[in-house]
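# Residue-level structural notes
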Amino acid sequence: MGELLSVKNINVYYGSIHAIKDVSFHVDEGEIVTLIGANGAGKTTTMHAISGLLKLASGEITYDGNLISKMEAHKIVRLGLAQVPEGRRVFSGLTVQQNLSMGAYTRHDGKDAIQSDYDMVFDLLPRLKERRNQPAGTLSGGEQQMLAVGRALMAKPKLIMMDEPSLGLAPIVVRGIFEIIREINRQGITVLLIEQNANMALKIADWAYVMQTGSILMRGPGAELAANEEVKAAYLGTAK
């Protein structure tokens, strides 16, 4: 499998604050790659830069052979790169079905193809099928996270970026969300996972990067970083 996403020496500023400092990493097709790190490490800022929501001061980002560093966000989605934002951000006044429809708004491949993906989402996330006519704002936190994932899948992405999918959820719900991530990947979708729950993220990641104060501190296979004593002490709470 070839390289799907490449981030090379990107720098991002918030005013005078140098938030992202020469960050480089790549995601190969078919992988689950995770960025872990403490709150404020720069993980979400990196994701927003990739998705076109933040302007780069320097560096470049390529996706599926396309230079996307200066591309508008909606055009990046059309290339097959979708995002599940932190905090879910579902449209609370719309039904589950209407929220899913919003995920397909950039598509022009016909009603049959879109209907096929509704069926795929409902097969993957049967709770959404049960709630399809229910306002999204009345769903539980876990159900809203499933809806945010389903909405992103409706964009028919090659790569899906997920920002803190476990945030604010009970442990049993978190395990379910991570199993959904695994299944999405098994179905051929590449995953870039931004996650503070380093223990869960490293368990499923093919490759991982540790971010600290806007820079990449460490990188390696997920299992290797999970066994690293420094990572254990700082992020897993399991070092001796």
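All values derive from a computational prediction rather than experimental measurement.

## Let's talk about the overall build of the protein chain
- Within the protein chain, the secondary structure is distributed over 10 helices and 10 strands.
- In summary, the protein chain has a C-alpha radius of gyration of 17 Å against a globular reference of 18 Å for 240 residues, a match within 12%.
- The C-alpha extent of the protein chain, read off along each of the three principal axes, is 45 × 40 × 35 Å.
- A burial count over the protein chain gives 50% of its 240 residues as buried.
- Within the protein chain, residue pairs in contact and separated by at least 24 positions form 65% of the contacts whose partners lie at least 6 positions apart.
- For the protein chain, the exposed surface amounts to about 11200 Å²; the carbon and sulfur share of it is 50%.

## Notes on the pattern of salt bridges
- By the definition in use, this model includes 11 salt bridges.
- The shortest N-O distance in the salt bridge between E179 and R186 comes to 2.5 Å.
- The class of E179 is partly exposed, set by a relative accessible area of 36%.
- In this structure, the salt-bridge partner of E229 is K232, at a minimum N-O distance of 3.5 Å. A residue pair is termed a helical-turn pair when its members lie 3 or 4 positions apart in one helix, as E229 and K232 do in helix α10 (residues 229-236) at three residues.
- Within this structure, R127, E130, R131 and E143 form a network of salt bridges that share partners.

## A word on the nonpolar core
- Counting 49 residues, the largest nonpolar core has I160, I181, I184 and V231 as its most contacted members.
- The contacts of V231, once residues within four sequence positions are left out, are I36, L202, V210, M218, L225 and L236.
- Listed in part, the 29 residues of the second largest apolar core include V12, V23, A41 and M211.

## So, the sheet that holds strand β2 (residues 17-28)
- Here we have four strands laid out as an open sheet, ordered β2-β1-β4-β5, and antiparallel in their pairing. Whereas interior strands pair on both sides, the edge strands pair on one side only; in this sheet they are β2 and β5 (66-67).
- One ladder, built from eight bridges, connects strand β1 (residues 3-14) with β2; its direction is antiparallel. Residue pairing in the sheet places L5 in a bridge with V27 of β2.
- Against the sheet, helix α1 (residues 43-50) contacts β1, β2 and β4 (58-63), and its axis sits at roughly 115° relative to β1.

## A word on unusual backbone geometry
- At K156, a residue that is not glycine, the phi angle is positive and equals roughly 55°.
- Counting through the fold element by element, K156 comes out in the loop between α6 (141-153) and β7 (159-163).
- Exposure remark for K156: the relative accessible area of 48% places this residue in the partly exposed category.

## Points about the packing of helix α3 (residues 96-103) against helix α4 (residues 111-124)
- Running from N to C, α3 and α4 cross one another at 125°; their axes reach a closest spacing of 11 Å. Our classification of the angle between α3 and α4 gives oblique. The element α3 and its partner α4 pack so that their crossing is right-handed. When α3 is examined against α4, the residues Q97, L100 and S101 are found in contact with a partner set consisting of Y118, V121 and F122.
- A class-by-class count of the residues in the contact of α3 with α4 yields four nonpolar, two polar and no charged.

## Notes on the environment of D119
- Residue placement: D119 occurs in helix α4.
- Separated by 16 residues in sequence, D119 and G103 place their C-alpha atoms 14 Å apart.

## A closer look at helix α7 (residues 171-186)
- In a regular helix each residue adds 1.5 Å, so 16 residues correspond to 22 Å; α7 covers 23 Å between its end C-alpha atoms and thus fits that length.
- Structurally, α7 contributes buried residues whose contacts are with β3 (32-36), α4, α6, β7, β8 (190-195) and α8 (198-204).

Criteria and cut-off values
Residues numbered from 1 in each chain as written. Predicted model: local features only at pLDDT ≥ 70, side-chain atom pairs only at ≥ 80, totals over all residues. Heavy atoms only, no water. Helix = DSSP H or I, 4+ residues; strand = E, 2+ residues; numbered from the N terminus. Rg over C-alpha atoms; globule rule 2.2 N^0.38 Å. Buried < 20%, exposed > 50% of the residue type's maximum accessible area, 1.4 Å probe, protein only. Contact = heavy atoms within 4.5 Å. Areas by Shrake-Rupley, 256 points an atom, 1.4 Å probe, with all protein chains shown as cover. Salt bridge = Lys/Arg side-chain N within 4 Å of Asp/Glu carboxyl O. Core = buried A, V, L, I, M, F, W, Y, C linked by side-chain atoms within 4.5 Å. Pairing = 2+ DSSP bridges. Axes fitted to C-alpha atoms, helices over the stretch in contact; angles between N-to-C directions. Parallel < 35°, antiparallel > 145°, perpendicular 65-115°, else oblique. Left-handed = near helix turned anticlockwise from the far one by under 90°. Nonpolar A, V, L, I, M, F, W, Y, C, P; charged D, E, K, R; others polar. Expected span 1.5 Å × (residues − 1).

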